[in-house]
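Each chain, written out:
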Amino acid sequence: MAHPSRPGADDFYRTMRLIRRFEERSIGLVRSGDILSGIHPCIGQEAVAVGAGAALRRDDVLMANHRGHGHMLAKGSDPGRLLAEMAGRADGVARGRGGSFHPSDFTAGVFASTGTVGHGAALAAGAAWALADDGTDRVAVSVFGDGGVNQGALLESLNLAALWQVPAIFICENNMYATTLPVETAVAGSIPGRAEAFGIPAATVDGMDADVVFDAMAAAVDRARSGGGPTFIEFSTYRYYGHHTFELKDRLRYREEEEIERWRQRDPLALQESRVPAGQRAAIDAEVEKVLDEAVRFALDSAKLDPAEAFDYHYASGLTVRPGVAKSRASWAGASEAASVGGAASAGGAANA
Amino acid sequence: MPKLSYLRALNRALGDEMERDPSVFILGEDIRLGLTNTTPGLLDRFGPQRVIETPLSEQGFTDFATGAAMAGKRPVVEYQIPFLFLLVLEQIANQANKFHLMSGGQTSVPVTYLLPAAGWRPGWGAQHSDEPYSIFAHAGVKTVVPATPTDAYGLLVSAIRDDDPVTLFAPIPAQKVRQDVDPADLVPVPLGASRIHRSGSDVTVVAIGHLVYDALAVADRLGGQISVEVFDPRTIYPFDWDGLAASLDKTGRLVVADDSNRSCGMGAEILATAAEEMHLIAPPKRVTRPDGAIVGASPELDVALLPNVEQLAAAVLEVCNSG
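Residues numbered from 1 in each chain as written. Chains lettered and ligands numbered in written order. Predicted model: local features only at pLDDT ≥ 70, side-chain atom pairs only at ≥ 80, totals over all residues.

Visitor: Before we go on, may I ask you to explain the interface of chain A and chain B in this structure?
Guide: Interface extent is often summarised as the accessible area lost during association of the parts. Each partner contributes residues to the interface: chain A has 39 residues there, and chain B has 35 residues. For the side of chain A that touches chain B, the secondary structure elements donating two or more residues are β2 (110-114), α5 (119-133) and α6 (152-163) of chain A. Of the residues forming the side of chain A that touches chain B, the biggest block, 11 residues, is contributed by α5 of chain A. A class-by-class count of the residues in the side of chain A that touches chain B yields 20 nonpolar, 13 polar and 6 charged. (Contact = placed C-beta atoms within 7 Å. Helix = DSSP H or I, 4+ residues; strand = E, 2+ residues; numbered from the N terminus. Nonpolar A, V, L, I, M, F, W, Y, C, P; charged D, E, K, R; others polar.)

So, in structure tokens, the structure goes:
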């Protein structure tokens, strides 16, 4: 079998519950000022992350985007290290250099989370080509939203992926809005039609049911691993909390409450709940809370970064950048120790209160 | 000794590195035929899986190279026209060059971006005449501008072996140069190491790329009255500031010849850093392109806009007479 077998309903429920509660707790940490950036919550979209993640192996490559926490957890990232990353701490998956927007975790095959929308697709096409060229059966997956499908780099990468039949899977999470722009005012033609134009098998699939997501993904993974080339899947889904946590404060009026409520009626976690006996559910819920208690504790106990480390990791070759405010690295580090970062913390907390 | 042309040196570096390291491959437009003369023979030697002809989709294939690099490859991407480097500025400066940092060192992106037709040539128009290396230095992308065939060879080899993204600008006027070369001299040239083409004691002329030849001509012309040191940074990011400081300790006077636009060009950066941190006994000068664009369609107009030997000689005399 080229893809892992479908997890039991309880396993799907556990991971979905983990993602939902992880994001809810993260919003709390945004409000408390521990995550200064705010986050792009994936609440409402968990079924895509869980179904897709379960169809992949840990050594498959994922190029996520700014709304990628769920996909990372489903792919196997440690919740505590991911939270530490979002809080900019030393024990983060990317040593606090990626943050909430650009985390990567090579232990889970997450190579990147790109913020320039759509570019992950082209990165995945290149990674997929390389994995196949090396004779492996690993595949590369890119996740982007409905906003990404109009980007030139993404469309160019579909052409390259189809020309060279690379083992890539392009996942579009159509959550109906690109920041605030409704999909029907942004997308001419259809989303899968873009991929079909390049000869890539494409479909629109319900993204609110983890079983349905898994089956679609498993077929795409089988095709990619067996040399059958790329697949494009548009998952219909929805994010309840808007584009970014700033919307919790700034109530942008670009969608109706009724619309949010309609999608909540199809909540993927509630659907998965209905597939798990109540007693088992309670045990899972308690287990998830325990994991997250530990994750939050781990993240907040993790050391904040030392200003003297600001010059680390800019270049793989170890090249040291010239400081901007003084002649020597040593004097820059000394000066910055005196500077307060408290101002930034309180501003971020207020913005997201 | 055999003669080696600049483009033949690039071709040889590509072939040698592909031979040495199976993870090296090249992709770009019309490379199967070697349209720019950097890739002739490589398709026959290494096959279509390592000499990959791309459709006209620079943004897509530049990101593609980044993804391949993160998965363990060492791509060389070729572009035919200078401004294409700016079409893919996002892909190079904001994607490839930031993943080592954003991943906290989990990954590296060893891609070389090769521009074998950098700068102006007569009549190619305003959209084909740019020399945007300063933009990449500004963005913190490692950037080399070789002046000679041996440096073209050595810097391309080092760029390919480097674990970070590196852009290589090959100035068109420098490509006319053929050089007697002992094959034993074809060795890697470290990134960030300058080269003194001619030693002098009165003034340091920092000349980038093909302007090295103009600087040597000025040094010849003024040889009876002024001793000119010709300093070729070879890499403009990271710049060999220690090397420049040592030269200025000796001369105390500075002129920069830079084929960038004047505003925010490398010339401006070199003058500023020298003024802030180094020994100067006279106000420095730079000879550059003007702000904005080269006309490109009329050689007469362009020659008036591009840095040249006369401007450089005048600048050297002025600096030497002012302190």
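Having put the structure on the table, let's press on.
Visitor: What exactly am I supposed to notice about the sheet that holds strand β2 (residues 24-28) of chain B here?
Guide: By definition, the strands of a sheet pair up through backbone hydrogen bonds, in either a parallel or an antiparallel sense. Residues and elements named next belong to chain B. Spatial strand order, β3-β2-β4-β5-β7-β6-β12: 7 strands in an open sheet with mixed pairing. Single-partner strands in this sheet number two, and they are β3 (51-53) and β12 (235-237). Taking the axes of each pair of neighbouring strands and ignoring which way they run, one obtains an average angle of 20° across the sheet. With 3 bridges connecting them, strand β6 (residues 142-144) and strand β7 (residues 166-171) associate as parallel partners. The residue bridging valine 144 from the neighbouring strand is leucine 168, located in β7. Its contacts with the sheet put helix α8 (residues 149-161) on β2, β4 (74-78), β5 (112-118), β6 and β7, and the angle it makes with β7 is roughly 160°. (Pairing = 2+ DSSP bridges. Axes fitted to C-alpha atoms, helices over the stretch in contact; angles between N-to-C directions.)

Visitor: For this particular structure, what's the right way to read the nonpolar core?
Guide: In a soluble, globular protein the nonpolar side chains are often hidden away together inside. Among the nonpolar cores identified, the biggest contains 196 residues, and Ala127 and Val141 of chain A together with Val205 of chain B are the most heavily contacted of them. Sorting elements by how many residues they give to this core places α5 of chain A first, with 11 residues. If we skip the residues at most four places from it in the chain, valine 141 of chain A touches Ala52, Leu56, Asp60, Val61, Leu62, Met63, Ala124, Ile169 and Ile171 of chain A. (Core = buried A, V, L, I, M, F, W, Y, C linked by C-beta atoms within 7 Å. Buried ≥ 20, exposed ≤ 12 C-beta atoms within 10 Å, placed from the backbone.)

Visitor: Just checking my understanding: could you explain the sheet that holds β2 of chain A for this structure?
Guide: Residues and elements named next belong to chain A. In spatial order, the strands read β2-β1-β3-β4-β8-β7; together these 6 strands make up an open sheet with parallel pairing. A single partner strand is all that each edge strand has here, and the edge strands are β2 and β7 (202-206). Here the average twist between neighbouring strands, direction ignored, is 20°. Note that strand β1 (residues 61-65) and β2 share 4 bridges and pair parallel. Its bridge partner being in β2, leucine 62 is matched across the sheet by valine 110. Seen against the sheet, helix α8 (residues 210-225) touches β4 (168-174), β7 and β8 (231-236) and runs at an angle of roughly 170° to β8.

Visitor: Explain the confidence of the model for chain B here, please?
Guide: Interpretation of the predicted coordinates at a detailed level should be avoided for regions scoring low in pLDDT. Across chain B, pLDDT averages 96, with 100% of residues at or above 70. Under the prediction, the complex receives an ipTM of 0.95, its pTM being 0.94. (pLDDT = per-residue confidence, 0-100.)

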